[in-house]
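In case you want the letters, here they are:
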Amino acid sequence: MNKKDFDPLKILDITNNIQNAAGGAMFNTHSCEEVKVNIRPNKDVALGKFKSDPLLPGCHIAHPITIEAMRKDLFVLGDEFIDLELKYECIKCRKELDLQFWMFCPYCETPFPSDL
């Protein structure tokens, strides 16, 4: 898997083609639920981290750069989810990241190489 594979339509196509042991569809992609997560910017939160929002129960706070670095189109395929993990070590800060969650490094703002 590479960075380009995290396009929402490409992931939908991948999940539509996965079969269970009986040869049927593994996931019901026609019945989905969109979940919005409320994340409020707060410069006091460390880069790349999230905290529960002390003012808004059920919400979170994160540094503005962390929010900007987040992918806005994450897929969760239930308890038996497909592992879309793509580990990557940032070339600048050496933090280990999972590219399924980030558009660029949330710690040092370094863009990911275009050839990933």
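Everything below is about the structure shown above.
Keep in mind the model is a prediction, meaning the values are calculated, not measured.

## Remarks on the packing of aromatic side chains
One pass over the full model with this rule turns up 2 aromatic pairs. Relative to Trp102, the ring of Phe50 lies with its centre 6.3 Å away and its plane at 15°, an arrangement referred to as stacked. With Phe50 in strand E2 (residues 50–52) and Trp102 in the segment after strand E5 (96–98), this residue pair connects regions lying 52 residues apart in the sequence. Since its relative accessible area comes to 10%, Trp102 is described here as buried. Ring centres of Tyr88 and Phe112 lie 5.2 Å apart, and the angle between their planes is 80°; this geometry places the pair in the edge-to-face category. Taken as a pair, Tyr88 in strand E4 (residues 87–89) and Phe112 in the segment after E5 lie far apart in primary sequence, 24 residues in all. Like Phe112, Tyr88 is buried. Geometry around Tyr107 places Lys95 over its ring, the cationic atom sitting 5.0 Å from the centre.

## Here's the deal with the pattern of salt bridges
On inspection of all chains with the given rule, the structure shows 3 salt bridges. One salt bridge in this structure joins Asp53 and Arg40, with 2.8 Å as the shortest N-O distance. Remark: Arg40 occurs in strand E1 (residues 39–41) and Asp53 occurs in the loop between E2 and strand E3 (60–62); sequence separation between them is 13 residues. Given a relative accessible area of 6%, Asp53 falls into the buried group.

Basis of the calculations
- Residues numbered from 1 in each chain as written.
- Predicted model: local features only at pLDDT ≥ 70, side-chain atom pairs only at ≥ 80, totals over all residues.
- Heavy atoms only, no water.
- Phe/Tyr/Trp six-rings, centres within 6.5 Å; stacked < 30°, edge-to-face > 60°.
- Helix = DSSP H or I, 4+ residues; strand = E, 2+ residues; numbered from the N terminus.
- Buried < 20%, exposed > 50% of the residue type's maximum accessible area, 1.4 Å probe, protein only.
- Lys NZ or Arg CZ within 6 Å of the ring centre and 35° of its normal.
- Salt bridge = Lys/Arg side-chain N within 4 Å of Asp/Glu carboxyl O.

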